[in-house]
Amino acid sequence: MADKILKKLKIKVWRQKNAKSKGKFETYTIENISTGSSFLEMMDILNFQLIEAGIDPIAFDHDCREGICGTCSLYINGRPHGPDTEVTTCQLHMRKFKDGETIVIEPWRARAFPVIKDLVVDRTAFEKILQAGGFVSVNTGGVPDANTIPIPKEDAEESMDAAACIGCGACVAACKNASAMLFVSAKVSHLAKLPQGKVEAASRAKNMVAKMDELGFGGCTNTQACEAECPKSISITNIARLNREYLCAKVSE
Amino acid sequence: MSILDNKIPEGPLAEKWNKHKAAIKVVSPANKRKLEIIVVGTGLGGASAAASLAELGYKVKAFCYQDSPRRAHSIAAQGGINAAKNYQNDNDSVYRLFYDTIKGGDYRAREANVYRLAEVSPNIIDQCVAQGVPFGREYGGLLDNRSFGGVLVSRTFYARGQTGQQLLIGAYQALNRQISKGAVEMYNRHEMLDLVKIDGKARGIIARDLVSGEIKRFGAHAVVVATGGYGNVFFLSTNAMGSNGSVAWQCYKRGAFMSNPCFVQIHPTCIPVHGDQQSKLTLMSESLRNDGRVWVPKKKEDAVKLQKGELHPNDIADEDRDFYLERRYPSYGNLVPRDVASRAAKERCDAGFGVNSEGKAVFLDFKYAIDRLGKSVIEARYGNLFQMYEKITDVDPYKAPMMIYPAIHYSMGGTWVDYNLMTSVPGLYSIGEANFSDHGANRLGASALMQGLADGYFVLPYTIGDYLADEIMTPMADTNAPEFAAVEKEVTDRIEKLYNIKGSKPVDYFHKKLGQVMWDYVGMARNAEGLKKAIEMIKEIRAEFWKDVRIPGELDNLNPELEKAGRVADFFDIGELMARDALDRNESCGGHFREESATEEGEAKRNDEEFTYVSCWEYKGEGAEPDMHKEDLVFENVKLTQRSYK
Ligand SMILES: Cc1cc2nc3c(=O)[nH]c(=O)nc-3n(C[C@H](O)[C@H](O)[C@H](O)COP(=O)(O)OP(=O)(O)OC[C@H]3O[C@@H](n4cnc5c(N)ncnc54)[C@H](O)[C@@H]3O)c2cc1C
Ligand code: SF4
Ligand code: FES
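Small disclaimer: the values here were computed from a predicted structure and weren't measured.

**Observations regarding the overall build of chain A**
Right, so step 1: For chain A, the count of helices and strands is nine helices and seven strands.
Right, so step 2: Burial analysis of chain A (253 residues in total) assigns 57% to the buried set.
Right, so step 3: For chain A, long-range pairs separated by at least 24 residues make up 69% of all intrachain contacts whose partners lie at least 6 apart in sequence.
Right, so step 4: Of the roughly 10,000 Å² of accessible surface on chain A, 52% is carried by carbon and sulfur atoms.
Right, so step 5: For chain A, the centre of its 32 positive side-chain charges and the centre of its 31 negative side-chain charges are spaced 6 Å apart.

Given below as structure tokens:
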């Protein structure tokens, strides 16, 4: 309920000047953080202090700060998005931490997500996967009235469950193989569950998987770490659907 | 006034758009391939425009500051999108949507633009469904609708509480398809820093690659700005951290007029500020007011105890609760429009009845709805919002009332555009929240998404042809031209100037100070004295900023503090112009409340005799007072009445 003050915290954080340089951990101390503050507000305060002290502030990605844009991406105390469930880093609050604790912060670690600076990584690989087929091939205009094709409510809901993916990359960061299967399967399911997306379902699965492999993501060995850490509870049943669509495409080759 | 030709077509309202489309020029497919268009911003407005223009055959370059178009602030929209489909058979129509929007905007928007918006709205839903947007459906498989504030029909389409996300993903998918075809060149993590004009026409931009720090030149035959709103001038708002007004301001300095900058929307149901560590405010959907009752204690001593944490709200008896919205507005009650609800909350808190430790919150209580309908019904309706509230505040809203307070949410004002969405700079267009065009002095819920997609899918792709048809003989812009070099030099000079201040305080220090002045004097209630004071205070903070800001890091590397500094530098100027505009408009309308223009009961009083115009501010140079032109608003189809929700 009422906010308390965390008198002192140690922040052990990954510092890396740019993609080419080697990184290392640095530890900073921060005082008087309200348990009602968000994790990123704590980072803001730390950065404010660093700037005043003449130290380069810690770069991290963020934008909406309400768990929907998928920009924030911190690996906190060994978990993507930190020690809470069904939240992104920006929704994590300081009441999840104890006074005096050392908090360890790292960037997403995956071959396909190289570090740009400190905690900021390059997720262009996700863009490329989606560009390989994550769409329905329709142009603007000339489409039928929205109610011409009824869609069973359960299908629309299932599609929406998958479409809720925010493209954050936590699934890749959580996976020991750095596989992007959960992310890819979410897009494939979102579209395959709807008649509009069904038409290209098989080729979409094939093209996106091929792109994923090409970009250096690992294979899926079904450890389910991705599902456990996904802030949007994307289910691994989507991976089964992806495998089915993929098989269809391969069989018809 | 010849300087402002709004190009509104002649003829009856319902025929204007069709007639206009028939009359404007069209570019042949062969020529489209020779024409380049820059689209800055890839939210709903920009992504839909970039994809549609590329499909038509134009060569498109698109820009956003995030690492992906999917992260634009549009993603955060929760509630829904309006469209005049009349699927519910409740007598909705294009005219009714048009009328509601004009009235909701308190009669400060153009009839012709708003009518067109309503007219193309059904096409948006068709388009989105074809793209695979998973809208909410009925058991029969057809699309479902919800109701939203200020209207009598059910016309809002939604995808759970994530409508903006799903619409943006739809537009992003269309954009990705064009990127994969090579028809759109996408520049992520690039920030536009200035506009380049050649012979008076918009011919390109200067942008900074945010990763390498490189300053780059990009040329085109036309530039489309879709960079969203400037609500972050208040520091705390529901906007994303990076949302900014800088591109609108750059365009203003290059000759594009700014219209109605003082019109900003304050949303009544946001999670209150919790002390001084806060970085942004979170919206709780407007839909909550359907079942929640808003109240504060009747007795001041109860309020004081609540503020000190000595009393639990559930221990205050019903007869000691002041349901002030129901008391003041018996016919609309808790469902009065956003501006009215926001002002009423502020009034109670200013009078000392606020309920959190800072005295700046009111209760939104679901106890009555839970008693009446059962917890499971409430859970089905608002479960995800309740979860979000609990994660942030650590209070379970099933057991204790929510605390809410108004927050800055949307900017109705923006770059002036004509009926073709072209600014006062030839070849420069502005779409989405960045322009001023459709919402007057107050935007209705679920209408921003509609406007962004209407502009990008169905208006701009037509109207831009009218301008480009005359440009087919113009060669590609030469980025080695002296005009590019000159603007680039201005950009690098400014960056170096900022960087070399090497003062003592971080950017946020100044941004917070500015935000406080804006909130206190250019916020929910404004008066002449306060506005004049604000202008002076902003000048002082700006001067301090340019003397004492400290930007760490390097110029040739990712440098978030440098990015922020540039945006905040522009916010000072935008804030000052907002105060000037608010000072000029000595009437209360929509979200703009001038204390001098109120009824005896303290309600807003519009002044149609003197203020039925759009203010159009023209830049006159650094430090010089801007000029104001007026575009008179002509109402041929609706009768102006005072809004009443009593
Ligand atoms: C919490 C919240 C909930 C909302 N809910 C609803 C709702 O339910 N219904 C509704 O209709 N409206 C809603 N709105 C309003 C609506 O979401 C926005 O008005 C709308 O999405 C704006 O879209 P846009 O395309 O104009 O701009 P944005 O989505 O803000 O996109 C701006 C784009 O410009 C880019 N950009 C900005 N500056 C630069 C630069 N210098 N260089 C390069 N690129 C730049 C950004 O990268 C981004 O791509 C809500 C708003 C908020 C804050
Ligand atoms: S599947 Fe989950 S963890 Fe992976 S990108 Fe999507 S939202 Fe993030
Ligand atoms: S900042 Fe948008 S999801 Fe965290």
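Let us keep going from here.
**Quick look at the packing of aromatic side chains**
For any two aromatic rings, the description comes down to two numbers: the centre-to-centre distance and the angle of the planes.
All names here are of chain B.
Right, so step 1: Tallied over the entire structure, the rule returns 32 aromatic pairs over all chains.
Right, so step 2: Between Phe-366 and Tyr-382 the ring centres are 6.0 Å apart and the planes differ by 50°, which places this aromatic pair in the tilted class. Within this pair, whereas Phe-366 is found in the loop between β14 (362-365) and α11 (367-373), its partner Tyr-382 is found in helix α12 (residues 375-393), the two being separated by 16 residues in sequence.
Right, so step 3: Classification of Tyr-382 as buried rests on a relative accessible area of 4%.
Right, so step 4: Seen in terms of ring centroids, Phe-510 and Phe-545 are 5.4 Å apart; in terms of plane orientation they differ by 90°. Their pairing is edge-to-face. Taken together, the residues span a long stretch of sequence, with Phe-510 in helix α15 (residues 507-521) and Phe-545 in helix α16 (residues 528-548) at a distance of 35 residues. With respect to burial, Phe-510 and Phe-545 carry one shared label: buried.

**Describing the site of ligand 2**
Residue and element names in this part refer to chain A.
Right, so step 1: If you check the shell around ligand 2, you find Cys-165, Ile-166, Gly-167, Cys-168, Gly-169, Ala-170, Cys-171, Leu-182, Phe-183, Cys-230, Pro-231 and Ile-234 and nothing else.
Right, so step 2: Elements that contribute at least two residues to the shell around ligand 2 include exactly α4 (170-174) and α5 (181-192).
Right, so step 3: Looking at the shell around ligand 2 residue by residue, the classes come out as ten nonpolar, two polar and no charged.

**Description of the nonpolar core**
Residues and elements named next belong to chain B.
Right, so step 1: Of all hydrophobic cores here, the largest spans 82 residues; its most connected members are Ile-81, Phe-135 and Ile-464.
Right, so step 2: It is helix α13 (residues 448-468) that provides the largest number of residues to this core, a total of eleven residues.
Right, so step 3: Look past the residues within four positions of Ile-464 in its chain and what remains in contact with it is Ile-37, Leu-53, Tyr-58, Ala-222, Val-224 and Tyr-429.
Right, so step 4: In this structure, Ile-198, Ile-215, Val-233 and Phe-545 belong to the second largest nonpolar core, which totals 55 residues.

**Overview of the site of ligand 1**
Right, so step 1: Close contacts around ligand 1 come from 38 residues, with B:Gln66, B:Ser74, B:Met192, B:Glu433 and B:Leu449 the closest.
Right, so step 2: More than a single chain frames ligand 1: its nearby residues are located in chains A and B.
Right, so step 3: The backbone of B:Gly79 places a nitrogen or oxygen atom 2.8 Å from an oxygen atom of ligand 1.
Right, so step 4: Contact distances for ligand 1 include 2.6 Å between an oxygen atom and a side-chain N or O atom of B:Glu433.
Right, so step 5: In isolation ligand 1 has 1,000 Å² of accessible area, and contact with the protein removes 98% of it.

**Observations regarding the interface of chain A and chain B**
Right, so step 1: At the interface, 76 residues of chain A touch 79 residues of chain B.
Right, so step 2: When chain A packs against chain B, close to 6,500 Å² is buried across both sides, 51% of that on carbon and sulfur atoms.
Right, so step 3: Counting the contacts that link chain A with chain B gives nine salt bridges.
Right, so step 4: A salt bridge links A:Arg95 to B:Asp394; the shortest N-O distance between them is 3.7 Å.
Right, so step 5: At the junction of chain A and chain B, the tally comes to 49 residue pairs in polar contact (both at pLDDT 80 or more).
Right, so step 6: Of all the secondary-structure elements, those providing two or more residues to the side of chain A that touches chain B are β2 (24-34), α1 (39-52), β6 (115-117), β7 (120-121), α2 (124-131), α3 (153-163) and α5 of chain A.

**Some thoughts on the pattern of salt bridges**
Right, so step 1: Inspection of the entire model under this criterion finds 73 salt bridges over all chains.
Right, so step 2: A:Arg123 is paired through a salt bridge with A:Asp61; the nearest N and O atoms lie 3.7 Å apart. Taken as a pair, A:Arg123 in the loop between β7 and α2 and A:Asp61 in the loop between α1 and β3 (75-76) lie far apart in primary sequence, 62 residues in all.
Right, so step 3: Of the residues examined, A:Arg123 reaches a relative accessible area of 2% and is grouped as buried.
Right, so step 4: What you see here is one network of salt bridges that share partners, running through B:Asp106, B:Arg108, B:Arg585, B:Glu587, B:Arg606 and B:Asp608.

**Section: the sheet that holds strand β12 (residues 293-297) of chain B**
Residue and element names in this part refer to chain B.
Right, so step 1: Pairing is antiparallel across the open sheet formed by five strands, whose spatial order is β11-β15-β14-β12-β13. Each edge of the open sheet carries a strand with a single partner, namely β11 (264-270) and β13 (321-322).
Right, so step 2: When β12 meets β14, the two strands line up antiparallel, connected through three bridges. Among the inter-strand pairings, Trp-295 is bridged to a residue of β14, identified as Phe-363.

**Some remarks on the state of the cysteines**
Residue and element names in this part refer to chain A.
Right, so step 1: Under the defined criterion, the tally for this structure stands at zero disulfides over all chains.
Right, so step 2: We note that Cys-220 lacks a disulfide partner, and the nearest cysteine sulfur, in Cys-226, lies 6.5 Å from it.
Right, so step 3: The exposure class of Cys-220 is partly exposed, given its relative accessible area of 39%.

**Observations concerning the environment of B:Gly164**
Right, so step 1: Within the fold, B:Gly164 resides in helix α6 (residues 163-180).
Right, so step 2: Spatially, the C-alpha atoms of B:Gly164 and B:Leu44 are 8.3 Å apart, while their sequence positions differ by 120 residues.

**Some remarks on the environment of B:Lys305**
All names here are of chain B.
Right, so step 1: Looking at the secondary structure, you find Lys-305 in helix α8 (residues 300-308).
Right, so step 2: Given the relative accessible area of 37%, Lys-305 is considered partly exposed.
Right, so step 3: Remark: the alpha-carbon pair of Lys-305 and Ser-357, spanning 52 residues in sequence, is separated by 9.5 Å.
Right, so step 4: Those residues in contact with Lys-305 that lie beyond four places of it in its chain are Glu-310 and Leu-311.

**Points about the environment of B:Gly553**
Right, so step 1: For B:Gly553, the position within the fold is in the loop between α16 and α17 (560-584).
Right, so step 2: The sequence separation of B:Gly553 and B:Tyr499 amounts to 54 residues, and the corresponding C-alpha distance is 9.3 Å.
Right, so step 3: The contact partners of B:Gly553, leaving out residues within four places of it in the chain, are A:Asp56, B:Tyr499 and B:Asn559.

**Details of the sheet that holds β2(A)**
Residue and element names in this part refer to chain A.
Right, so step 1: In spatial order, the strands read β2-β1-β5-β3-β4; together these five strands make up an open sheet with mixed pairing. The open sheet is flanked by β2 and β4 (79-80), the only strands paired with a single partner.
Right, so step 2: By the bridge criterion, four bridges tie strand β1 (residues 5-15) to strand β5 (residues 102-106) in an arrangement that is parallel. The residue bridging Ile-11 from the neighbouring strand is Ile-103, located in β5.
Right, so step 3: Contacting β1, β2, β3 and β5, α1 runs over the sheet at an angle of about 105° to β2.

**Re unusual backbone geometry**
Right, so step 1: With phi around 55°, A:Asn32 is a residue other than glycine that occupies positive phi space.
Right, so step 2: Its location among the elements puts A:Asn32 in strand β2.
Right, so step 3: For A:Asn32, a relative accessible area of 45% translates into the label partly exposed.
Right, so step 4: Of note in the backbone geometry, B:Asn89 takes a positive phi value of approximately 60° without being a glycine.
Right, so step 5: Tracing the chain through its elements places B:Asn89 in the loop between β3 (81-82) and α4 (94-104).

**Considerations on the domain arrangement of chain A**
All names here are of chain A.
Right, so step 1: Segmentation of chain A into domains returns domain 1 (5-106) and domain 2 (124-251).
Right, so step 2: Relative placement of domain 1 and domain 2: their C-alpha centres are 30 Å apart.
Right, so step 3: Counting each side, the surface lost to burial between domain 1 and domain 2 is near 860 Å², with a carbon and sulfur contribution of 53%.
Right, so step 4: For domain 1, the biggest contributors to the area lost against domain 2 are Gly-70, Pro-80 and Glu-86; these three give 44% of the whole.
Right, so step 5: Among the salt bridges present, the one from Arg-79 reaches Glu-229, with a minimum N-O distance of 3.1 Å.
Right, so step 6: For the pair domain 1 and domain 2, the number of links is two residue pairs in polar contact (both at pLDDT 80 or more).
Right, so step 7: Here the residues of the side of domain 1 that touches domain 2 are counted per class, giving six nonpolar, four polar and two charged.

Conventions we followed
Residues numbered from 1 in each chain as written. Chains lettered and ligands numbered in written order. Predicted model: local features only at pLDDT ≥ 70, side-chain atom pairs only at ≥ 80, totals over all residues. Heavy atoms only, no water. Helix = DSSP H or I, 4+ residues; strand = E, 2+ residues; numbered from the N terminus. Buried < 20%, exposed > 50% of the residue type's maximum accessible area, 1.4 Å probe, protein only. Contact = heavy atoms within 4.5 Å. Areas by Shrake-Rupley, 256 points an atom, 1.4 Å probe, with all protein chains shown as cover. Lys, Arg positive; Asp, Glu negative; His and termini not counted. Charge placed at Lys NZ, Arg CZ, Asp CG, Glu CD. Phe/Tyr/Trp six-rings, centres within 6.5 Å; stacked < 30°, edge-to-face > 60°. Near = heavy atom within 4 Å. Nonpolar A, V, L, I, M, F, W, Y, C, P; charged D, E, K, R; others polar. Core = buried A, V, L, I, M, F, W, Y, C linked by side-chain atoms within 4.5 Å. Polar contact = N/O pair within 3.5 Å; in protein donor to acceptor, adjacent residues only side chain to side chain. Buried area = accessible area lost by both parts, 1.4 Å probe. Salt bridge = Lys/Arg side-chain N within 4 Å of Asp/Glu carboxyl O. Pairing = 2+ DSSP bridges. Disulfide = S-S within 2.5 Å. Axes fitted to C-alpha atoms, helices over the stretch in contact; angles between N-to-C directions. Domains from an automatic or database assignment.

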